[in-house]
Amino acid sequence: MYHCGESYTGSCTADGKRMHKEGELTFSNGNQYKGSFDDGRFHGEGVIHFTQQSGGGQFRASWEFGKEKSGDYIFSDGLQYAPTQWQYCTPDDRRLWNEHLTFIAPPRPEGANDEDVILPDYSGEEESSTTLKGRLS
């Protein structure tokens, strides 16, 4: 059943040759899938946990006979990737997630006036930015 150094704990098919129902598959690089299987394939709900060497984070997905139907990637710092309306490290605001968490202001464009600094608003409200009057420190 294992050809590349993987290991598995969980239920198997009746002949004992394939992963079936609930289990944990650890890949040779240490990444781990925890979830449901059907006849040796990911099937149902499951999460792939990535090692720190692989970037950390996890991929939570719904699988159907080995193919991902829907899923979300969550970075190791808790940020969930959004393929649309992504608000982090964009052309207009180059801050990373950690900088948003620690409230670091985005860099000002060259020649920008200190008195009119526009900061993006990620509160989800209708206005897309807030103008702060005064000097930032």
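Everything discussed here concerns the structure shown above.
Residues numbered from 1 in each chain as written. Predicted model: local features only at pLDDT ≥ 70, side-chain atom pairs only at ≥ 80, totals over all residues. Heavy atoms only, no water.

Student: Would you explain the packing of aromatic side chains in this entry?
Tutor: Two descriptors summarise a pair of aromatic rings, namely the distance from one centre to the other and the angle between the planes of the rings. This model, assessed by the stated rule, comprises 9 aromatic pairs. Measuring from centroid to centroid gives 5.4 Å for Tyr8 and Phe37, while their planes differ by 90°, and the two rings are edge-to-face. Of this pair, Tyr8 sits in strand E1 (residues 7-12) while Phe37 is found in strand E3 (residues 32-38), placing the two residues 29 residues apart along the sequence. Each member of the pair, Tyr8 together with Phe37, is buried. On the numbers, 6.2 Å between centres and 75° between planes, the contact of Phe59 with Trp63 is edge-to-face. In terms of burial, Phe59 and Trp63 fall into one category: buried. Grouping aromatic residues by their ring pairs yields a cluster made of Tyr8, Tyr33, Phe37, Phe42, Phe59 and Trp63. (Phe/Tyr/Trp six-rings, centres within 6.5 Å; stacked < 30°, edge-to-face > 60°. Helix = DSSP H or I, 4+ residues; strand = E, 2+ residues; numbered from the N terminus. Buried < 20%, exposed > 50% of the residue type's maximum accessible area, 1.4 Å probe, protein only.)

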